[in-house]
Amino acid sequence: MAENARLETKLISVDPLSPSLREIQLAAKLIRQGEVIAFPTETVYGLGADATNALAVRKIFEAKNRPQDNPIIVHVASIDQAKQCVVEFPPLALQLAERFWPGPLTFVLPRSEYVSSEVTKNLDTVAIRMPAHQVALSLIEQSGVPIAAPSANLSGKPSPTKAIHVMQDLNGRIPLVLDGGSTLVGVESTVISLIHDPPILLRPGGITLEELQAIIPEIVVPPDFSSDQPISPGMKYKHYSPETKLVVILDGKDKPVAQIDSIGRANGGQPLILCTNPRHRHDLMSILVGKTPKEIQANFFSSLRILDEASYDVGIFEGITFEGAGLAVMNRALKAAHDIIE
Ligand code: TXA
Ligand code: MG
């Protein structure tokens, strides 16, 4: 850690659609040398290292202060590379990969010896995905190895959707950040366990539950993610949280403006309304996070960071539907929340 804190972090721009090989090769060289670098994916920025190199993977945990028991997702550039990382790639995995890869869907499968046990800690399973981003895919190809990468934030902070967010959290801790602009999806990938039959939804994300149900109607959805049972705030430890207090108003999008503003005032200090209804006219300071669940999803994490940057005292998020992209947004919002109001 002390050693990492002295690094000079280079920030290099890359074209997100057709990155020049020169920049990618610079990053790939660092990966092959066992270093940790940040790069864009379609979901959020990742903090990547060679998934087959135990020492390199350990540096990821150090750089972001990640709890030692939290396993990391392995990113691949082809189905053949995914197959190398697992003991068995079942027909359902192939069917899902053909439909959703490259894209924001991660499978948990039995881990092969090729992947370092540092990636998955003591689990005999591994989470794998193929990102839908030219920078990420090209980086994996040029590195010649699968890349283990959690989100490139300090543990507990909102996930980074812009390179500047990565710099805010990790400047001085890693040698390189590839800046490919804003990520399009804005929340992390959907994680499902294919170890279980029927498969289990482990984390809602960029691929919606409805899209998955079209292929796996029997997928098991733990009660925490079901729309008719609002999630309790993360009691064990806070995730994705701004420093600023965040209040989530369930269905706030459809509640009267006066009610939302009075909740904002009741919290004291300078509130910022994270508005999700373009027809709302607030008396208090507000920003429109987005007009549709997809747009709100794309902007959600960066709107949490605005709360801290501008030193507001409280953020009031107008909760949205639990359907479609709303499920991932509300999952992140409720995990980040200090207070939830029905
Ligand atoms: O979109 C994403 O998934 C981003 C980008 C960078 O690809 N990555 C990401 O990684 O969100 P991370 O580390 O922040 O989240 C990984 C999630 C965690 O919830 C972790 O517990 C779960 O995947 N996970 C990883 N390996 C697992 C395994 N073997 N079994 C069960 N869950 C696993
Ligand atoms: Mg994360």
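Up top is the structure.
For the structure given in this document, a descriptive report is provided here. (Residues numbered from 1 in each chain as written. Chains lettered and ligands numbered in written order. Predicted model: local features only at pLDDT ≥ 70, side-chain atom pairs only at ≥ 80, totals over all residues. Heavy atoms only, no water.)

On to the sheet that holds strand S15 (residues 339–341), then. Two pairing modes exist for strands in a sheet, parallel and antiparallel, and in both the strands are linked by backbone hydrogen bonds. Here five strands make up an open sheet; going across it, the order is S13-S12-S14-S11-S15 and the pairing parallel. Strand pairing shows two members of the sheet lacking a second neighbour, strand S13 (286–288) and S15, which therefore form its edges. Direction aside, neighbouring strands of the sheet carry axes that sit 20 degrees apart on average. Where strand S11 (residues 245–249) and strand S14 (residues 314–318) come together, five bridges link them in parallel fashion. Within S14, the residue paired with Val-247 across the bridge is Ile-316. Contacting S11, strand S12 (271–275), S13 and S14, helix H10 (residues 293–309) crosses the sheet at an angle of about 175 degrees to S12. The strands touched by helix H11 (residues 326–336) are S11, S14 and S15; relative to S11, the strand with the most contacts, the crossing angle is about 135 degrees. (Pairing = 2+ DSSP bridges. Helix = DSSP H or I, 4+ residues; strand = E, 2+ residues; numbered from the N terminus. Axes fitted to C-alpha atoms, helices over the stretch in contact; angles between N-to-C directions. Contact = heavy atoms within 4.5 Å.)

As a further point, take the site of ligand 1. Residues in contact with ligand 1 amount to 23 residues; listed here are only the nearest, Thr-43, Arg-66, Asn-70, His-75 and Ser-189. At a separation of 2.9 Å, an oxygen atom of ligand 1 approaches a polar side-chain atom of Asn-70. Here a nitrogen atom of ligand 1 sits 3.0 Å away from a polar atom, N or O, in the side chain of Thr-125. Relative to its unbound accessible area of 680 Å², ligand 1 is 87% covered by the protein chains. Where the shell around ligand 1 is concerned, the elements lending two or more residues are strand S4 (73–75), strand S6 (125–129) and strand S10 (200–203). (Near = heavy atom within 4 Å. Polar contact = N/O pair within 3.5 Å; in protein donor to acceptor, adjacent residues only side chain to side chain. Areas by Shrake-Rupley, 256 points an atom, 1.4 Å probe, with all protein chains shown as cover.)

Turning next to the environment of Ile-249. For Ile-249, the location among the structural elements is in strand S11. For Ile-249, a relative accessible area of 1% corresponds to the buried category. As for Ile-249 and Glu-318, which are separated by 69 residues in sequence, their C-alpha atoms are 5.4 Å apart. (Buried < 20%, exposed > 50% of the residue type's maximum accessible area, 1.4 Å probe, protein only.)

Here we take up the pattern of salt bridges. With the rule as written, the count across this model stands at ten salt bridges. A salt bridge links Glu-243 to Lys-157, with the nearest nitrogen and oxygen atoms 2.4 Å apart. One end of the pair, Glu-243, is in the loop between helix H8 (209–213) and S11; the other, Lys-157, is in the loop between strand S7 (147–148) and helix H7 (163–170), and 86 residues separate them in sequence. The class for Glu-243 is exposed, based on a relative accessible area of 63%. Sharing partners across several salt bridges, the network here consists of Arg-58, Glu-118 and Lys-121. (Salt bridge = Lys/Arg side-chain N within 4 Å of Asp/Glu carboxyl O.)

Taken in spatial order, the ten strands make up an open sheet running S1-S8-S2-S3-S7-S4-S6-S5-S9-S10, and their pairing is mixed. Each of the sheet's edge strands pairs with one partner strand only, and the pair in question is strand S1 (10–13) and S10. Examined bridge by bridge, strand S5 (residues 105–110) and S6 share four bridges and lie antiparallel to one another. By the bridge assignment, Pro-110 is partnered in S6 with Thr-125. Together, S1, strand S2 (37–39), strand S3 (46–50), S7 and strand S8 (176–179) form the strand contacts of helix H1 (residues 21–32), whose direction differs from that of S8 by roughly 145 degrees.

Moving on: the packing of aromatic side chains. A full pass over the atoms with the stated rule returns five aromatic pairs. When the centroid spacing of 6.3 Å and the interplanar angle of 55 degrees are considered together, the rings of Phe-89 and Phe-107 count as tilted. One end of the pair, Phe-89, is in the loop between helix H3 (79–85) and helix H4 (91–100); the other, Phe-107, is in strand S5, with 18 residues separating them in the sequence. Phe-107 matches Phe-89 in its accessibility class, with the two residues each being buried. Both rings, one in Phe-300 and one in Phe-317, keep their centres 5.1 Å apart while their planes meet at 75 degrees; by these two values the pair is edge-to-face. Placement of the pair is Phe-300 in helix H10 and Phe-317 in strand S14, with a sequence separation of 17 residues. Residue Phe-300 is classed as buried on the basis of its relative accessible area, which comes to 0%. The class of Phe-317 is buried, set by a relative accessible area of 0%. Taking the ring centre of Phe-61 as reference, the NZ or CZ of Lys-121 above it sits at 4.2 Å. (Phe/Tyr/Trp six-rings, centres within 6.5 Å; stacked < 30°, edge-to-face > 60°. Lys NZ or Arg CZ within 6 Å of the ring centre and 35° of its normal.)

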